[in-house]
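Listed below, chain by chain, are the residues.
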Amino acid sequence: MKNEMTYGGLRAACGEKIQGFVPLGPSGEQIPATLINGIGEGKIILISSGIHGSEYPGILAAMELARELTPEQIQGGLVLLHPVNTAAFYQRLSYINPVVDANLNRFYPGSPDGSLAEQVAWYMGEEYHKRVDFVLDLHGGDIHEHLLPYVYVPGIGEPEVLRASMEAALLLNANYLVQSTAATGFYNSCAIQGTPALLIERGSRGLWSREEVDAYKADVRNLLVHFGLLEGTVRYPAQKAHVLTRVAYLDANASGCWLPDVALDDRVKQGQRLGVITDFFGHILEEIRADFDGIIVYLAVSLGIQKGDPLITYGI
């Protein structure tokens, strides 16, 4: 007989869907989760949404999929977290989880003996990503972020892990695909420790629309067909994503007022000024310039900016 699924204290027998709250590690916070233990054998997929609590399209997509999908449709198992950062969701905060006072996505793989954020990250890895076959981490443009749909694919890990991640990424309807070389972050940590994973970005500026949520759900359902959890035919995107192999992430070196000179999806040239940070009197504190030719794929759109905040991502 097929085994029951147990994650975060929730248990789902074969052919059962269970919904409830699970602990966010030792933080004391409880987050909503859904386990769907399908009627047949197959892969177990984790869908994680809302690590950043104001990135709404992915959160709502995960919530609706958790409600719509049934064990009778599933071969294998599905674990959905919707959202991970419930505290920030209620408080309409960007990035930070106020319970642990940190951006959890910066602390993976974590440590059982580290700070509270590191302990939470370590717990999530042990309880979830090491115990599933694939991770889909759903993100979007936070309150001050403007971006087009794109996908991060891990670039560090065993060849078969990276290959499985890339094969899935190429099925998504996205403008850009970024091959990451980072060793931190939830999806990178998953890949490094042996679990294929993707980070998907859709939606901007702390907003959501029915079109964005439906597009997210269509992509996720297509991947579930690809992995064998759902019946159907895999759909390939009408237009392949532009693969970015060289990417620059520009952060602020001063706190002040951010005045970009470029727009999302602009093509920029090496040496071109991308924007300036000024003080409250209009004096320029920092000029931001491109180090190489590329395409703007992410742009901070808040006037106020703090030192260390991300400003622009561009790549080629």
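Positions within a chain are numbered from 1, following the residues in the order the chain's sequence is written. pLDDT decides what is reported in this predicted model: residues at 70 or higher carry local features, side-chain atom pairs at 80 or more are listed and counted, and totals for whole chains, interfaces and linings draw on all residues regardless. The basis for every side-chain value is the complete set of non-hydrogen atoms in the structure, without hydrogens or water.

Asker: Explain helix α4 (residues 159-169) to me, please; I cannot follow it from the model alone.
Answerer: Side chains of residues three or four places apart in an α-helix project in the same direction, reflecting 3.6 residues per turn. We call a residue buried when its accessible area falls under 20% of the maximum for its residue type, exposed when it is over 50%, and partly exposed in between, using a 1.4 Å probe and counting protein chains only. Each helix is a run of H or I in the DSSP string that is no shorter than four residues. Each strand is a run of E no shorter than two, and both are numbered from the N terminus. Where α4 is concerned, the buried positions are V161, L162, S165, M166, A168 and A169. Along the axis of α4, the buried residues cluster in a sector spanning 160°; they form a single face. Throughout, the arc means the angular range of directions from the helix axis out to the C-beta atoms.

Asker: What am I meant to see in the nonpolar core here?
Answerer: Grouped burial of nonpolar side chains is what soluble globular proteins tend to show. Among the buried residues, those of types Ala, Val, Leu, Ile, Met, Phe, Trp, Tyr and Cys that are joined through side-chain atoms within 4.5 Å form a nonpolar core. Core analysis: the largest hydrophobic core is formed by 59 residues, its most contacted members being M124, Y128, W258, L274, I312 and Y314. Examining the composition of this core, we find that six residues originate from one element, strand β18 (residues 294-300), more than from any other. Of all hydrophobic cores here, the second largest spans 36 residues; its members include L69, I74, M166 and Y216.

Asker: So what exactly am I meant to see when it comes to helix α3 (residues 116-127) here?
Answerer: In this scheme, a helix's expected span is set at 1.5 Å multiplied by one less than its residue total. The end-to-end C-alpha separation of α3 is 16 Å, in line with the 16 Å expected for twelve residues at 1.5 Å each. Taken as a whole, α3 has its buried residues at A117, V120, A121, Y123, M124, G125 and E127. By definition in these notes, contact holds between two residues if any of their heavy atoms fall within 4.5 Å. Turning to α3, the residues buried within the fold contact β1 (5-7), β3 (16-23) and β6 (75-81).

Asker: Please clarify how the sheet that holds strand β7 (residues 134-139) should be interpreted in this entry.
Answerer: Between any two strands, pairing holds if DSSP finds at least two bridges. Ordered by their spatial adjacency, nine strands build an open sheet running β3-β4-β6-β5-β7-β11-β9-β10-β12, and the pairing between neighbours is mixed. Pairing within the sheet leaves two strands with one partner each, and these edge strands are β3 and β12 (242-244). If you compare each strand with its neighbour and ignore which way they point, the axes differ by 20° on average. Bridge count for β3 against strand β4 (residues 30-37) is eight bridges, and the pairing is antiparallel. When the bridges of β4 are listed, F21 appears paired with P32. The axes used here are C-alpha line fits, helices contributing only the stretch in contact, and every angle between their N-to-C directions lies in the interval 0 to 180 degrees.

Asker: Explanation requested: the sheet that holds strand β16 (residues 273-278) in the structure shown.
Answerer: Each strand in a sheet pairs with another by means of backbone hydrogen bonds, the pair being arranged parallel or else antiparallel. In spatial order, the strands read β17-β16-β14-β19; together these four strands make up an open sheet with antiparallel pairing. In this open sheet, the two edge strands, each paired with only one partner strand, are β17 (284-289) and β19 (304-305). Sheet topology note: the strand β14 (residues 256-260)/β16 ladder contains four bridges and is antiparallel. Counterpart to P260 in the pairing with β16 is G275.

Asker: Would you mind going over the pattern of salt bridges with me for this structure?
Answerer: Oppositely charged side chains can form a pair if their charged atoms are brought close together. The salt bridge definition used is simple: a Lys or Arg side-chain nitrogen within 4 Å of an Asp or Glu carboxyl oxygen. Evaluated as defined, the whole model comprises twelve salt bridges. One salt bridge in this structure joins D214 and R210, with 2.9 Å as the shortest N-O distance. Separated by four residues within a single helix, D214 and R210 lie in helix α6 (residues 210-226), roughly one turn from each other. You can call D214 partly exposed: its relative accessible area is 36%. Here the salt bridges do not stand alone but share partners, grouping E64, E68, R210, D214, K217 and R221 into one network.

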